[in-house]
Amino acid sequence: MVEVEVHEHDIFPNVFLVKTRGQEKLATRNMVPGTSVYGEELVQHNDIEYRIWDPYRSKLAAAIKKGLHELPIKQGERILYLGAASGTTVSHVSDIAGNTGEVYAVEFSQRSMRDLIEKVCRNRSNVRPILADARVPAEYRLLVRIVDSVYSDVAQPNQANLFSDNADVYLKEKGRAIIVIKSRSIDVTQRPTDIFKKEIKILENCGFHVSEVIRLEPFDKDHAMITLGR
Amino acid sequence: MKSTLVITTVGIFALNSKGSIIERKFFSKDPKKAADRYRQLRKGEIVPELSQLLKELQKNNYDELLIEDRILASKISKIKDFNCKEFNESSVIQKFREKLDVTTVKLGRFSDRQDFQDFTSKVTLAIAEEAITSETQKKDLHAIQAIRTLDDLDKTLNLFSGRVREWYGLHFPELEKLVDKHETYARLVSDLGDRENYKIDKLESEGIPEQKVKLISEKAENSIGYSANSSDLETLQSLSKNTIQLFKLRNATEEFLEELMKKIAPNLTAILGPLMSARIISIAGSLERLAMMPSSTLQVLGAEKALFRSLKTGSRPPKHGIIFQHQALHTAPKWQRGKIARVLASKLSIAARIDSFGGEFIGDQLVEYIEKRILEIQKKYPSAPKVKKRYGRSRGSRT
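Residues numbered from 1 in each chain as written. Chains lettered and ligands numbered in written order. Predicted model: local features only at pLDDT ≥ 70, side-chain atom pairs only at ≥ 80, totals over all residues. Heavy atoms only, no water.

Student: What exactly am I supposed to notice about the overall build of chain A here?
Tutor: Scanning chain A from terminus to terminus reveals 5 helices and 12 strands. The C-alpha radius of gyration computed for chain A amounts to 17 Å, which stays within 12% of the reference 17 Å derived for 230 residues, consistent with globular compactness. Projected onto the principal axes, the alpha-carbon positions of chain A cover approximately 55 × 40 × 35 Å. Within the span of chain A, comprising 230 residues, buried residues form 58% of the whole. Contacts in chain A between residues far apart in sequence, at least 24 positions, make up 59% of those at least 6 positions apart. When the accessible surface of chain A is summed, it comes to about 9700 Å², and 46% of that surface belongs to carbon and sulfur atoms. Each charge class in chain A can be summarised by its mean position, and for the 32 positive and 32 negative side chains these summaries are 3 Å apart. (Helix = DSSP H or I, 4+ residues; strand = E, 2+ residues; numbered from the N terminus. Rg over C-alpha atoms; globule rule 2.2 N^0.38 Å. Buried < 20%, exposed > 50% of the residue type's maximum accessible area, 1.4 Å probe, protein only. Contact = heavy atoms within 4.5 Å. Areas by Shrake-Rupley, 256 points an atom, 1.4 Å probe, with all protein chains shown as cover. Lys, Arg positive; Asp, Glu negative; His and termini not counted. Charge placed at Lys NZ, Arg CZ, Asp CG, Glu CD.)

Here it is in structure tokens:
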């Protein structure tokens, strides 16, 4: 048996640091013990199972590794997750939110949604899959309640506006949000830094206060994670 | 009197202007059935629960209704005595939705908040599953899979045919040059095996042309390859047999695809032919996405690498993507290709839109028009233009 040490993250409850073989890795408490969602490593410690959270696979983990100060996703809260894809990050968000939380996972691609349902939603009752176009928030207003935070990771040229439209409908007053900007899906010809500045400007014009901007190198190229609120 | 209709995953509610419930109709407690109702309502169907609710409202003299859904609003307005309008945001509805768990528990529909959550969670899952089922029924997805299968098969067949030739070449090297067609070669190996069996009658029954039969059997007698015993060739023959099967599968796939494309995209197929139409849909992602594209994008589909290089460095943009494979384009002289590509792309866009959103077959007219335009282009630009100084070649010169 390999020696394992587990600590809770200094500032983020429900996020853990697992130390094995001298390496420190991020992890979340596995809500469905015994199952690995996307092939991630499972670690046991004091009868609790943890899922290793790979920063190369999940941008949220990358942001935490790069020193994120504020994580709007908390236990027992409702989260609107735009661009759920196959559910890699969603599964960890679901771990953090726990049984009393709700994760509304919006994804447009039926192929990704198939994986999301099979791998994540079947086992996790706190994840609600929504096959819809995030550009039209009204499409799913019958399914989503007002949320405490929004996590937006859609590779769209107009992602700042898309996020703001969703926040207008679903984000509670004083709600917090995280948005991932992929500069290459906005314009391949411009410098990432310029694009991030421009996107932040758009968000500020929509009435948001940007509190943190984190570049995700070396985990993801030309990506930035922005935390913000009204 | 006025009333607001609220559709939720648990049922339909009619509220008065203060936001309290006047009437309610719950859906079934079976999540699948509730999801079904949701889907029907989104499509604008007046489901039994809704018509019951409307009857109750009629009795109580509510004739002015508000609902969030435009299609439903117009459907309800068609019913006698109702005037139904669509509206978008309202704090009444929002407040109601927020308190739905508390409200329904109070009404005794759910035992507690957890019960409500479990149920709505199951309904949401069922809705997503249902949506996927109906998505996967789209026929263009099948065409995309079929064309990709075809490409995979072609790759594999080349690989295996090459392997059969290499391996059998040890035993009968002369056959390599005598039989061009991979399929025929593989069949000879699998049926005849040892080169001693390459007798005239056997070759004839394999359908080899007369003048070749004699040549092959002569070469077989004087081959410089090693002499094999039957067990040596067994595995190789089995490989050949499987390769032949793959050839059959390839042809069947092609036939299937041709039939399918004529059905799902007749106009596109009329211009591009079934295989290329399927390929261009495959690159676009779906027929609908292809139809939504500007034709300038369609023109360079398949040349993304060149396109993005051009955007990044300012080098010259591509004139054509996959449509280059069209007869009219690759046989045309270089200086006419850009013009022809534009004509082709613009008509393909029209074809894709008709195919995607349902319309008549005008493929023949489109083809006719394209041919006419090409003749005009050929007449107008019969010879290569004088070489001008090339523009925008250096990196970063784009403004």
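After that view, the rundown keeps rolling.
Student: Any chance you could explain the interface of chain B and chain A here in plain terms?
Tutor: Interface size is commonly expressed as the accessible area that is lost once the parts come together. Of the residues lining the interface, 30 residues belong to chain B; the matching set on chain A comes to 23 residues. Contact between chain B and chain A buries roughly 2500 Å² in total, counting both sides, with carbon and sulfur atoms accounting for 54%. Scanning the region where chain B abuts chain A turns up 4 salt bridges. Asp-101 of chain B is the partner of Arg-145 of chain A in a salt bridge, and the nearest nitrogen-oxygen pair spans 3.4 Å. Summed over the shared surface of chain B and chain A, the result is 11 residue pairs in polar contact (both at pLDDT 80 or more). Contributing elements (two or more residues each) for the side of chain B that touches chain A: helix H1 (31-42), helix H4 (91-98), helix H6 (113-136) and helix H17 (304-313) of chain B. (Buried area = accessible area lost by both parts, 1.4 Å probe. Salt bridge = Lys/Arg side-chain N within 4 Å of Asp/Glu carboxyl O. Polar contact = N/O pair within 3.5 Å; in protein donor to acceptor, adjacent residues only side chain to side chain.)

Student: In this structure, what is going on with the side chain of Thr-20 of chain A? I would like to understand it.
Tutor: Residues and elements named next belong to chain A. Relative to the helices and strands, Thr-20 is located in strand S2 (residues 15-20). Among the residues examined, Thr-20 registers a relative accessible area of 7% and is labelled buried. The residues contacting Thr-20, other than those within four sequence positions of it, are Glu-3 and Val-4.

Student: Where do I start with the pattern of salt bridges in this structure?
Tutor: Between side chains of opposite charge, a pair can form as their charged atoms come close. Considering all chains together, one arrives at 31 salt bridges over all chains under this definition. For Lys-172 of chain A, the salt bridge identified is with Asp-148 of chain A, shortest N-O distance 3.0 Å. Of this pair, Lys-172 of chain A sits in strand S10 (residues 171-182) while Asp-148 of chain A is found in strand S9 (residues 147-152), placing the two residues 24 residues apart along the sequence. Of the residues examined, Lys-172 of chain A reaches a relative accessible area of 33% and is grouped as partly exposed. Arg-250 of chain B is the salt-bridge partner of Asp-154 of chain B, the closest N and O atoms lying 2.5 Å from each other. In this pair, Asp-154 of chain B is assigned in helix H7 (residues 139-169) and Arg-250 of chain B in helix H12 (residues 230-264), connecting sequence segments 96 residues apart.

Student: What should I look at first to understand the pairing of S10 of chain A in this one?
Tutor: Residues and elements named next belong to chain A. The pairing of S9 with S10 spans 5 bridges and is parallel. For Val-150, the partnering residue across the bridge sits in S10 and is Ala-177. Across 7 bridges, S10 lies against strand S12 (residues 223-229) in antiparallel orientation. Pairing of Ile-179 across the sheet is with Ile-226, part of S12. (Pairing = 2+ DSSP bridges.)

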